[in-house]
Amino acid sequence: MLRQIIQESKVKAVRELLGRSERIVITCHMSPDGDAIGSSLGLMHVLAAIGKEARVVTPDIPPQILRFLPGAKDIVPYSKYTDFARQLLCDADLIFCLDFNSLYRVDHMRDDLASSSAPKVLVDHHQDPEDFADVIISHPDQSSTAILMFRLLCRLELFNLIDRKAAMCIYTGMMTDTGNFSYNSNDPDLYVVIAELIRKGINKDEIYKRVMDTKTVSTLRLNGYAVGTKMQIFPEHKAALITLTQKELDDYDYQKGDTEGLVNVPLAIPEVTYSVFLRDDKRYIKVSSRSKGDFPVNKLCEKYFNGGGHVNAAGGEFEGTLDEAVEMFMSSLAENDRYLHD
């Protein structure tokens, strides 16, 4: 039996919106990860089961590693099919905004999303959501948007319509946003949901293999180079830093998703409490950070890298060069020491 955490008034509001909507768009943040894609596709399958015309529109192309998920081939990336995506947003009579708390997180799609007259439902687990949606379901205490989506579907009395395909997608979101349940994963409800998804017919071992344990040769070489050559350790600050330039990414034929999980690697070192990964993304520097214990990398990302997130997992986008981002990181080390405990 799951704890009820979503307010009944918000469940009722979503139910009423669904009742008078036929064309529904589901969207998520740029550079979508397993949680963004998993929760979006999971919702799409359930909406299709109740007869709705539901499409997933992402700001850019999802990573290759997630294309095995049922329905992934039908995703419409705004960056590739701009006119079609814009029309879907314009024609929608309901839009679900999943796994992001601010309109800037949808990048170039922001204006078209904001200008759509369709009511919007935000379902997210990041802190301090902007007030841009008609219904805001925000629970930062939840480990993923995917588990929050499962909770919402249950409250909408749609549990029986979560089939194996939807369950695969929801489980993938839960698994990836907890590092295969290695952090933010001590809530007993999490394992109640996993049990229910297994009963729906998922093969959790196969999903793990496809998402977490399948790499191309170039991906392995890139990650090996990043750890072997680019990783820096700052033992006096219990910190680690990995950086990759655009040239280095090109040299290893980088594809979106190839460095997923790289930021976690330095945390295997007992003396390292937090890790930061800076990747040159052409238009900005992509920042990822992870930590152990109660070290708040979300505060680091908020103050220095225009981002945020959770205590142990956060990120941001730095407007500047990679060298400037490294300089910013170096300048933060001494101040971050106040969060360290012996």
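As the structure is a prediction and not an experimental result, all values here were calculated from the model.

What about the overall build of the protein chain?
Reasoning step 1: When its secondary structure is counted, the protein chain shows twelve helices and twelve strands.
Reasoning step 2: The C-alpha atoms of the protein chain give a radius of gyration of 20 Å, which matches the 20 Å a tight globule of 342 residues would have.
Reasoning step 3: With the C-alpha coordinates of the protein chain rotated into their principal frame, the extents come out at 60 × 45 × 40 Å.
Reasoning step 4: The proportion of buried residues among the 342 residues of the protein chain is 55%.
Reasoning step 5: The contacts in the protein chain between residues at least 6 apart in sequence include a share of 66% that link residues at least 24 apart.
Reasoning step 6: Considering the protein chain, the positive charge centre built from 39 side chains and the negative charge centre built from 50 side chains are found 5 Å apart.

Examining the sheet that holds strand β1 (residues 23–27)
Reasoning step 1: A sheet is described by the order of its strands in space; here six strands give the open sequence β3-β2-β1-β4-β5-β6, paired in parallel fashion. A strand with exactly one partner marks an edge of an open sheet, and here the two such strands are β3 (76–77) and β6 (135–138).
Reasoning step 2: Pairing of β1 with strand β4 (residues 94–98) involves four bridges; the strand directions are parallel. Within the sheet, the bridge partner assigned to V25 lies in β4 and is I95.
Reasoning step 3: Contacting β1, β4, β5 (120–124) and β6, helix α1 (residues 8–19) crosses the sheet at an angle of about 130° to β6.

As for the pairing of β5
Reasoning step 1: Of all five residues that make up β5, five are buried, and the element is covered over most of its length.
Reasoning step 2: In β5, alternate side chains face the same way, and those of K120, L122 and D124 on one face and V121 and V123 on the other are all buried.
Reasoning step 3: Relative to β5, β4 runs parallel, the two being bridged by four bridges. Bridged to C97 within β5 is L122.

Some thoughts on the pairing of strand β12 (residues 313–318)
Reasoning step 1: Taken across its six residues, β12 has six buried, putting it largely inside the fold.
Reasoning step 2: For strand β10 (residues 285–291) and β12, the ladder comprises six bridges, and the chain directions are antiparallel. Across the sheet, the residue bridging to R290 is A313, located in β12.
Reasoning step 3: Of the pairings in the sheet, the one linking strand β11 (residues 308–309) to β12 comprises two bridges and is antiparallel in character. Bridging from a neighbouring strand, G308 pairs with G315 of β12.
Reasoning step 4: What sits between β11 and β12 in their antiparallel hairpin is a turn of three residues.

Some remarks on the pattern of salt bridges
Pairing between side chains becomes possible if they bear opposite charge and their charged atoms approach one another.
Reasoning step 1: One pass over the structure, following the stated rule, counts 19 salt bridges.
Reasoning step 2: A cluster of three or more residues bridged by salt bridges with shared partners is formed by R3, R151, D187 and D189.

Considering the side chain of S185
Reasoning step 1: Here S185 shows up in the loop between α6 (164–176) and α7 (188–199).
Reasoning step 2: A relative accessible area of 8% means that S185 is categorised as buried.
Reasoning step 3: Among the polar contacts made by the side chain of S185, one reaches the main-chain carbonyl oxygen of F181 at a distance of 3.0 Å.
Reasoning step 4: When neighbours within four sequence positions are excluded, S185 is seen to be in contact with T178, L190 and Y191.

Concerning helix α12 (residues 322–336)
Reasoning step 1: Taking 1.5 Å as the rise per residue, α12 with 15 residues should run 21 Å; its terminal C-alpha atoms sit 20 Å apart, in good agreement.
Reasoning step 2: Every buried residue belonging to α12 is among L322, A325, F329, S332, L333 and N336, and all of these are buried. For α12, the buried positions fall inside an angular range of 125° around the axis, keeping them on one side. Turned more than 90 degrees from where α12 packs its buried face, D323, E327 and A334 sit exposed.

Details of the packing of aromatic side chains
Reasoning step 1: For the structure shown, the criterion picks out nine aromatic pairs.
Reasoning step 2: When the centroid spacing of 5.9 Å and the interplanar angle of 10° are considered together, the rings of F100 and F132 count as stacked. Taken as a pair, F100 in the loop between β4 and α4 (110–115) and F132 in the loop between β5 and β6 lie far apart in primary sequence, 32 residues in all.
Reasoning step 3: Overall, the relative accessible area of 16% leaves F132 in the buried class.
Reasoning step 4: An angle of 85° between the planes, with centres 6.1 Å apart, marks the rings of F150 and F159 as edge-to-face.
Reasoning step 5: By relative accessible area, which is 2% here, F150 ends up buried.
Reasoning step 6: Of the residues examined, F159 reaches a relative accessible area of 25% and is grouped as partly exposed.

Overview of the sheet that holds strand β9 (residues 274–280)
Reasoning step 1: Overall, mixed pairing links the six strands, which are arranged β7-β8-β9-β10-β12-β11 in an open sheet. The outermost strands of the open sheet, each flanked by one partner alone, are β7 (232–234) and β11.
Reasoning step 2: Along the sheet, helix α9 (residues 217–230) contacts β7 and β8 (239–244); its crossing angle with β8, the most-contacted strand, is approximately 130°.
Reasoning step 3: Against the sheet, helix α11 (residues 297–304) contacts β9, β10, β11 and β12, and its axis sits at roughly 10° relative to β12.

Rules of the game
Residues numbered from 1 in each chain as written. Predicted model: local features only at pLDDT ≥ 70, side-chain atom pairs only at ≥ 80, totals over all residues. Heavy atoms only, no water. Helix = DSSP H or I, 4+ residues; strand = E, 2+ residues; numbered from the N terminus. Rg over C-alpha atoms; globule rule 2.2 N^0.38 Å. Buried < 20%, exposed > 50% of the residue type's maximum accessible area, 1.4 Å probe, protein only. Contact = heavy atoms within 4.5 Å. Lys, Arg positive; Asp, Glu negative; His and termini not counted. Charge placed at Lys NZ, Arg CZ, Asp CG, Glu CD. Pairing = 2+ DSSP bridges. Axes fitted to C-alpha atoms, helices over the stretch in contact; angles between N-to-C directions. Salt bridge = Lys/Arg side-chain N within 4 Å of Asp/Glu carboxyl O. Polar contact = N/O pair within 3.5 Å; in protein donor to acceptor, adjacent residues only side chain to side chain. Expected span 1.5 Å × (residues − 1). Arc of directions from axis to C-beta. Phe/Tyr/Trp six-rings, centres within 6.5 Å; stacked < 30°, edge-to-face > 60°.

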